Amino acid sequence: MTHIYNFSAGPAVLPKEVLAQAAADMLDWHGSGMSVMEMSHRGPEFISIYQAAERDLRELLAVPANYKILFMQGGGLAQNAIVPLNLVGHKAQPATIDFVHTGSWSGKSIKEAARYATVNVAASGKAGAFTGVPPQSEWQLTPDAAYLHVCTNETIDGVEYNFVPELPAGATIVADMSSHILSRPVDVSRYGVIFGGAQKNIGPAGLTLVIVREDLLGKALAICPSAFDWKTVADNESMYNTPPTYAIYIAGLVFQWLKRQGGVAEMERRNIAKAELLYAALDADDFYQNRVAKEYRSRMNVPFYLRDESKNEAFLAGAKQRGLLQLKGHKSVGGMRASIYNAMPIEGVQALVDYLNEFAGR
Ligand SMILES: *Cc1c(COP(=O)(O)O)cnc(C)c1O
């Protein structure tokens, strides 16, 4: 049977070991006689699952003690509204939020935040067709902005930050890390808030992680729904309302898997090797094209185009025959996209590279 490699941008590939563990636990978790799906979120069994997940994530990302980790619902898009709802309440209204527009997802964040605040687009990569991050020297930041929002990995455009923005003391950076969280070490203390939907690099859809510095809690607008008020969620250990229990359980298994692999430093090493292998095949001649400036190319999401786009369908059909799945690009940009998250082994990238070479007649 052909080995299957899944290059979906999300929901995305999960480690086989994690899925096997979930299958073994499905009907009876650790002799409890229950599936995790059937457990009360307030019972001792689930509380132990939740606490282990929180502890392991804190260890993996070296989250400082003055940051809360919240397990929420609604995905990255809902968090685009939840973030401004939580961070502008203490300001004269309307508050101003700075954004760096680097692609589709920061664009969506701008639209959503504009409902609750004045948006200042401090810099935009639009004129360059989102092929890089505008250098910070060109950003037009607002002196008393509530915060700066960045999307540190643009999942659709394949643009990844290679630096942490430098802001004056007291200024807050909010980062949407949905599609590269846990792919590399990150200095959490440089950010006020880090958030991410789980279905790219963590686990199943339905779970959103929020890592927030404690002094940023309690600044919500009065209209913020209580289930989305970070302070309420934090004060109740993410159990103000029912959290996405099964997704938290799977995320917890992924965190344990990451620890067994050697943590995020080892993930970064592997992700660099995978990305170099794939980009080298795309750059070998002009049969394929990735348009992102080399220093901002994403290690996680690799969009590419065939020079002759009339061959797109044939390319995808041949890929599918070889077990290389979900390579079609996002409908808004066309072309192809290979997402090579933590759970994609280098063998999968090698299989794709072999096919790229074969299809190009090399
Ligand atoms: C996928 C994604 C989102 C949106 O996630 P949903 O769960 O679909 O709301 C937001 N930001 C980034 C960077 C993403 O990749």
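Please read these numbers as outputs of a predicted model, since none were measured by experiment.

## A word on the nonpolar core
Here's step 1: With 55 residues, the main nonpolar core has Leu61, Leu182, Tyr249 and Phe255 as its most contacted residues.
Here's step 2: By residue number, the principal contributor to this core is helix α6 (residues 245-261), which donates 11 residues.
Here's step 3: Residues lining this core come from more than one domain, with at least three contributed by each of domain 1 (17-259) and domain 2 (263-360).
Here's step 4: Those residues in contact with Phe255 that sit more than four places away from it in its chain are Ala53, Asp56, Leu57, Leu60, Leu182, Ile202 and Leu209.

## Examining the UniProt feature "domain: Aminotransferase class V" (unreviewed entry) in the chain
Here's step 1: With numbering matched to this structure, UniProt assigns "domain: Aminotransferase class V" (unreviewed entry) to residues 4-352.
Here's step 2: Secondary structure across residues 4-352 divides into 32% helix and 17% strand, with the first and last C-alpha atoms of the span separated by 11 Å.

## Some details on the packing of aromatic side chains
Here's step 1: According to the stated counting rule, one finds 12 aromatic pairs in the structure shown.
Here's step 2: Centroid distance Phe304 to Phe315: 5.9 Å. Interplanar angle 80°. Geometry classified as edge-to-face. Taken together, the residues Phe304 in strand β12 (residues 301-306) and Phe315 in helix α8 (residues 312-321) connect sequence positions 11 residues apart.
Here's step 3: Classification of Phe304 by relative accessible area gives buried; the value is 0%.
Here's step 4: Under the relative-accessibility criterion, Phe315 is labelled buried at 0%.
Here's step 5: Here Tyr355 and Phe359 contribute two aromatic rings whose centre-to-centre distance is 5.8 Å and whose plane-to-plane angle is 50°, an arrangement assigned as tilted. Of this pair, Tyr355 and Phe359 both sit in helix α9 (residues 346-359), 4 residues apart, which is roughly one turn of the helix.

Analysis parameters
- Residues numbered from 1 in each chain as written.
- Predicted model: local features only at pLDDT ≥ 70, side-chain atom pairs only at ≥ 80, totals over all residues.
- Heavy atoms only, no water.
- Core = buried A, V, L, I, M, F, W, Y, C linked by side-chain atoms within 4.5 Å.
- Buried < 20%, exposed > 50% of the residue type's maximum accessible area, 1.4 Å probe, protein only.
- Helix = DSSP H or I, 4+ residues; strand = E, 2+ residues; numbered from the N terminus.
- Domains from an automatic or database assignment.
- Contact = heavy atoms within 4.5 Å.
- UniProt positions renumbered as here; feature names shortened; annotations may be inferred.
- Phe/Tyr/Trp six-rings, centres within 6.5 Å; stacked < 30°, edge-to-face > 60°.

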